Amino acid sequence: MEPTSVGHGTVEDSSVEHPGLDIEALRAETPGTAHRVHLNNAGAGLLSRRTLVTMTSHLELEAEIGGYEAARQEQDRIDATYTSIAELVGGQSDEIALFDNSTHAWNAGFYSMVFKPGDRILTGRAEYGSNVLAYLQTARRSGAEVVVVPDDESGGLDTTALAALIDERTKLVGVTHIPTSGGLVNPAHEIGRITRAAGVPFLLDATQSVGQFPVDVTRIGCDMLSATGRKFLRGPRGTGFLWVRREALEYLDPFVSDIQAATWDGDRGFTWHAGARRFESWEASYANVLGLGVAARQALDLGMDRIGERATALGAYLRDALDALPGVTTYDLGRVRCAIVTAKVDGVPTADVAAALARQGINVTTTVPEHTQFDTEVRDVHPLVRLSPHYYNTHAELDRAVEAVAALARAAG
Ligand SMILES: Cc1ncc(COP(=O)(O)O)c(C=O)c1O
């Protein structure tokens, strides 16, 4: 299930609260947990040893027998990546295209749509900066208009306003499920219900949600979904994917073509690949593809429900603990919040907070005001320190981070 409540946490790391998740064993299989308190899963999650070994073994195989030959030998496992990703998001394997990141996956879907003057793209205040830049470029090129749907009182996308804004000019609803800059979970299911009823394509940027909690394209009712491998899914850097509803292939015109995407029929004709692989290009890192497949399979084996429950509970625990500190404020919006926690310490620049935590071996990052202008227009709060635990973190690690923040707040106060 997608997280449904903010929750309050004093949950302990026991298999009683999270049956099926043996945290100690999972940490033993995650080399990075031995060295750092890794609270930057919204940046990049830690690889499991199995993923790491899969990738390095494939690189060794390439070195030993040749890159093309290694791919041929591992073809079944490469195909299995598509199957696992499809299963993870509730789609079919021929609806999956693999990319080197989420931005390229999203671009492949978005730039395959054709806009004309007067068309409207509806988006939300939490939209990812690169997506907004693509909207603005397209608006400049085509004369289409970008309309930002207001937030509701909780800070999530206002679905009543969205429903009221949709009309015959609306060619696309593009929404970011979880922003890069906070703990908000946008109401994707409700947005999907509205777009399906209106017959308007819905492109969901699920970069921060896939791998963090269950994301099901059928239940959401989106038409395209983009995600990255390296964040909460714990895949390698340099991976991403696009899911495209089969029926959407009929109106999408892939914005680039190549010998993977299409077949040159001879003479002057060409035929697109039958499925979503028409959005791919020929060359890929198969070590990465295999690593992504293993990461997706691990998430499926552990159970996305369990992963989601624990990640959300850890996020709530951390948020509550930071909020309870004098001189510390958290800034996560929305009725439903996830494992991403953003905060500020009175009197301490955000960059200094992140640097102080880094010196203590605690990985966090900071939000960037320019990447989130729609949010900045409404509440001028960025940069914030961003802490993003995942299911393999422990409450003891979170307590350590909270104590480090508390010490900074004490020193400044
Ligand atoms: C919400 C969101 N969308 C898209 C992206 C871009 O992902 P990638 O860096 O894999 O292209 C990010 C990256 O942080 C993100 O947070």
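The shown structure was predicted, so the numbers you read here are calculated from the model rather than taken from an experiment.

Caption draft 1: The arrangement of the site of the ligand in detail. In the neighbourhood of the ligand, 13 residues make up the surrounding shell, with Thr 103, Asp 205, Thr 228, Arg 230 and Lys 231 lying closest. Arg 230 places a polar side-chain atom, nitrogen or oxygen, 2.8 Å from an oxygen atom of the ligand. Contact with the protein chains hides 91% of the accessible area of the ligand, taken as 390 Å² for the molecule alone. Split into classes, the residues belonging to the shell around the ligand amount to 2 nonpolar, 8 polar and 3 charged.

Caption draft 2: The pairing of strand β2 (residues 96-99), seen in detail. In β2, alternate side chains face the same way, and those of Ile 96 and Leu 98 on one face and Ala 97 and Phe 99 on the other are all buried. As paired elements, β2 and strand β8 (residues 240-244) share 4 bridges and run antiparallel to each other. Paired with Phe 99 across the strands is Gly 240, a residue of β8.

Caption draft 3: Layout of the packing of helix α2 (residues 49-65) against helix α10 (residues 286-302). In contact at an axis separation of 8 Å, α2 and α10 are set at 155° when each is read in the N-to-C sense. Between α2 and α10, the angle is such that the two are roughly antiparallel. The chirality of how α2 crosses α10 is right-handed. Along the contact surface, α2 presents Arg 50, Thr 51, Thr 54, Met 55, His 58, Leu 59 and Glu 62, while α10 presents Tyr 286, Ala 287, Asn 288, Leu 290, Gly 291, Val 294, Ala 295, Arg 297 and Gln 298. The residue inventory of the contact of α2 with α10, partitioned by class, reads 7 nonpolar, 6 polar and 3 charged.

Caption draft 4: Representation of the confidence of the model for the protein chain. A residue-level look at the protein chain finds 96% of positions with pLDDT of 70 or above and a mean pLDDT of 95. Under a pLDDT of 50 for its full length, residues 5-16 has, in the predicted model, 22 contacts with residues more than four places off or in other chains.

Caption draft 5: Seen up close, the side chain of Ser 102. Along the chain, the position of Ser 102 falls in helix α5 (residues 102-110). Those residues in contact with Ser 102 that sit more than four places away from it in its chain are Asp 205, Thr 207, Ser 226, Ala 227, Thr 228, Thr 239 and Gly 240.

Basis of the calculations
- Residues numbered from 1 in each chain as written.
- Predicted model: local features only at pLDDT ≥ 70, side-chain atom pairs only at ≥ 80, totals over all residues.
- Heavy atoms only, no water.
- Near = heavy atom within 4 Å.
- Polar contact = N/O pair within 3.5 Å; in protein donor to acceptor, adjacent residues only side chain to side chain.
- Areas by Shrake-Rupley, 256 points an atom, 1.4 Å probe, with all protein chains shown as cover.
- Nonpolar A, V, L, I, M, F, W, Y, C, P; charged D, E, K, R; others polar.
- Buried < 20%, exposed > 50% of the residue type's maximum accessible area, 1.4 Å probe, protein only.
- Helix = DSSP H or I, 4+ residues; strand = E, 2+ residues; numbered from the N terminus.
- Pairing = 2+ DSSP bridges.
- Axes fitted to C-alpha atoms, helices over the stretch in contact; angles between N-to-C directions.
- Parallel < 35°, antiparallel > 145°, perpendicular 65-115°, else oblique.
- Left-handed = near helix turned anticlockwise from the far one by under 90°.
- Contact = heavy atoms within 4.5 Å.
- pLDDT = per-residue confidence, 0-100.

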